[in-house]
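So the chains spell out like this:
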Amino acid sequence: MTVAKDVLLEMYRVMLLARRLDERAWVLHRQGKIAFHISGIGHEAAQVGAALALRRGQDWVVPYYRDLALLVALGMTPREFALGLMGKQGEPNSGGRQMPSHWSLRRVNVVSHSSPVATQTPHATGIGFAIKMRGDDAVVLTTIGEGSTSQGEWYEGVNWAAIHKLPVIFMVENNIYAISVRQEKQMAVPHAADKAAGLGLPGVSVDGLDIAAVYEAVSEAAGRARRGEGPTLLEARVERMTPHSSDDDDRSYRPRAEVESMKARDPLSAFRQTLLGRKVLTEKLDADLEAQAREQVEQAITFAEAAPYPDVSEAAYPVFVEDIRHA
Ligand SMILES: Cc1ncc(C[n+]2csc(CCOP(=O)(O)OP(=O)(O)O)c2C)c(N)n1
Ligand SMILES: [Mg+2]
């Protein structure tokens, strides 16, 4: 599959912006300005490749917490992300009610999710069921970590979608760790995609550091789904290049040599080199995109720092809607 030049550049722009936002969030945390950050560094190629293979804004996306780059690719602005980090008024995920990275973006069909892992899987299946009943041609992308595929909800959701041939793409972002627990302690098969065999849907495993490979695999899965051929289990093999979250110290369980070796496989640097080599990107354009990303990030943080917290009078809305005028 040949990916058009403008799509390649859009992929790079989004990956770069998501990376700079992510790095800035770590700094804010270490400065004591935010309470929590969970990072997607090392997952960006898989997330952006997947998002750009969808009909963004029409298809449905049921993500998980590590999906910053996916959300940026779908249209979450740096300002919205920054407001979310600080729990300020106007943040789109939950109006400041949830922890950061519990994504939702209604205008592009991103459905909110809960903290218990894998609860998003049956939600995605339910949306797929509704699409099929209505006869729409939208698809649903739902993401999850490999460790979370141990959960009962994951099997239930995938099983139902396979039975009813629902238009759902179950993407596993496999970074081989569930906080400190390695994949071997979570599953007895070498690849998360191998689980598909027992559930009756195709299982595909791709290099999730290779954005073109993910784009191609998701395009294919979306095509199957739209043709009524059912769901796909897609494993994107990625790297978690940071500790699990800002509350974690991975030095107690992750060999330093492993962490060092990952840097050589950084998906952003690899994609930059590929694009420079193919003359899609020039040093000048790269510098411009870098400056643009940094400027966007700084403006967003400045805005969010000055923004007010949500008004206390709205605390219960829309969790408990008592006033029908709000409904
Ligand atoms: C049901 C449930 N159990 C435990 C947790 C605590 N928890 C949050 S993230 C996580 C690890 C998930 O690992 P994985 O699915 O591989 O995703 P990753 O964080 O590596 O992207 C755990 C155990 C939780 N949120 N929900
Ligand atoms: Mg994991």
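Each value, and the rule that gives it
Residues numbered from 1 in each chain as written. Chains lettered and ligands numbered in written order. Predicted model: local features only at pLDDT ≥ 70, side-chain atom pairs only at ≥ 80, totals over all residues. Heavy atoms only, no water. Phe/Tyr/Trp six-rings, centres within 6.5 Å; stacked < 30°, edge-to-face > 60°. Helix = DSSP H or I, 4+ residues; strand = E, 2+ residues; numbered from the N terminus. Buried < 20%, exposed > 50% of the residue type's maximum accessible area, 1.4 Å probe, protein only. Lys NZ or Arg CZ within 6 Å of the ring centre and 35° of its normal. Near = heavy atom within 4 Å. Polar contact = N/O pair within 3.5 Å; in protein donor to acceptor, adjacent residues only side chain to side chain. Areas by Shrake-Rupley, 256 points an atom, 1.4 Å probe, with all protein chains shown as cover. Nonpolar A, V, L, I, M, F, W, Y, C, P; charged D, E, K, R; others polar. Salt bridge = Lys/Arg side-chain N within 4 Å of Asp/Glu carboxyl O. Pairing = 2+ DSSP bridges. Axes fitted to C-alpha atoms, helices over the stretch in contact; angles between N-to-C directions. Contact = heavy atoms within 4.5 Å. Donors = N, O, S within 2.8 Å, 3.2 Å for Na, K, Ca; no water. Tetrahedral: all angles 85-135°; square planar, octahedral: opposite > 155°, others 65-115°. 1 Å grid on protein atoms, 1.4 Å probe; cavity = no way out; pocket = protein on both sides within 12 Å on 5 of 7 lines; lining within 4 Å. Points joined across faces, edges and corners; volume = space filled by probe spheres on them.

Caption draft 1: View of the packing of aromatic side chains. Taken as a whole, this structure holds six aromatic pairs when the rule is applied. Seen from their ring centres, Phe-129 and Trp-160 are 5.7 Å apart, and the 90° between their planes marks the pair as edge-to-face. Of the two residues, Phe-129 sits in helix α5 (residues 120-134) while Trp-160 sits in helix α6 (residues 152-163), which places them 31 residues apart along the sequence. Residue Trp-160 is classed as partly exposed on the basis of its relative accessible area, which comes to 38%. Considering the side-chain rings of Trp-154 and Tyr-155, the 5.1 Å spacing of their centres and the 85° angle between planes classify their relative orientation as edge-to-face. It is Arg-79 that lies over the ring of Phe-303; its NZ or CZ is 3.6 Å from the centre. When the ring centre of Tyr-309 is taken as reference, the NZ or CZ atom of Lys-88 above it lies at 4.9 Å.

Caption draft 2: Summary view of the site of ligand 1. Of all residues adjacent to ligand 1, which total 16 residues, the nearest are Tyr-64, Tyr-65, Arg-66, Ser-148 and Tyr-177. Take Arg-66: an N or O atom from its side chain is 2.8 Å from an oxygen atom of ligand 1. Against a free-state accessible area of 580 Å², the protein chains account for coverage of 73% of ligand 1. Looking at the shell around ligand 1 residue by residue, the class counts come to seven nonpolar, seven polar and two charged.

Caption draft 3: Up close: the pattern of salt bridges. All chains considered together, the criterion is met by 23 salt bridges. Glu-44 is the partner of Arg-19 in a salt bridge, and the nearest nitrogen-oxygen pair spans 2.6 Å. Taken together, the residues Arg-19 in helix α1 (residues 5-30) and Glu-44 in helix α2 (residues 44-52) connect sequence positions 25 residues apart. Looking at Glu-44, the relative accessible area reads 2%, which means it is buried.

Caption draft 4: Structural view of the sheet that holds strand β7 (residues 232-237). Pairing within the open sheet is parallel, and its five strands lie in the order β1-β2-β3-β7-β6. One side of each edge strand has no neighbouring strand; the edge strands of this open sheet are β1 (60-62) and β6 (203-207). Pairwise comparison of adjacent strand axes, ignoring direction, gives a mean angle of 20° for this sheet. Taken together, the six bridges between strand β2 (residues 140-145) and strand β3 (residues 168-174) define a ladder with parallel strand orientation. Bridging from a neighbouring strand, Thr-143 pairs with Met-171 of β3.

Caption draft 5: Representation of the environment of Arg-227. Position of Arg-227 relative to the elements: it lies in the loop between α7 (211-226) and β7. Residues Arg-227 and Asp-288, 61 residues apart in the sequence, show an inter-C-alpha distance of 41 Å.

Caption draft 6: Representation of the side chain of Thr-119 in the model. Position of Thr-119 relative to the elements: it lies in the loop between α4 (78-86) and α5. Accessibility expressed as a relative area gives 17% for Thr-119, which makes it buried. Within the structure, the side chain of Thr-119 is placed 2.7 Å from the backbone oxygen of Pro-116, a separation counted as a polar contact. When residues no more than four places from it in sequence are discounted, the contact partners of Thr-119 are Ser-114 and Glu-153.

Caption draft 7: The coordination of the magnesium ion (ligand 2), seen in detail. Bound to the magnesium ion (ligand 2) are the protein donor atoms Glu-146 (OE), Glu-146 (OE), Asn-175 (OD1) and Tyr-177 (O), situated 2.1 to 2.6 Å from the metal. Each of the six donor atoms around the magnesium ion (ligand 2) contributes to a set of angles spanning 52 to 177°, which defines the coordination as irregular. The sequence pattern formed by the donor residues of the magnesium ion (ligand 2) is E-x28-N-x1-Y. A residue pair is termed long-range when its members are at least 10 positions apart, and Glu-146 in the loop between β2 and α6 and Asn-175 in the loop between β3 and β4 (177-178) qualify at 29 residues. This pair shows no difference in class: Glu-146 is buried, exactly as Asn-175 is.

Caption draft 8: Expanded view of the layout of surface pockets. Within this model, the largest pocket holds a volume of roughly 430 Å³. Lining of the largest pocket is provided by 18 residues; of these, Pro-92, Asn-93, Ser-94, Gly-95 and Arg-106 occupy positions nearest its centre. Residue composition of the lining of the largest pocket, grouped by class: six nonpolar, eight polar and four charged.

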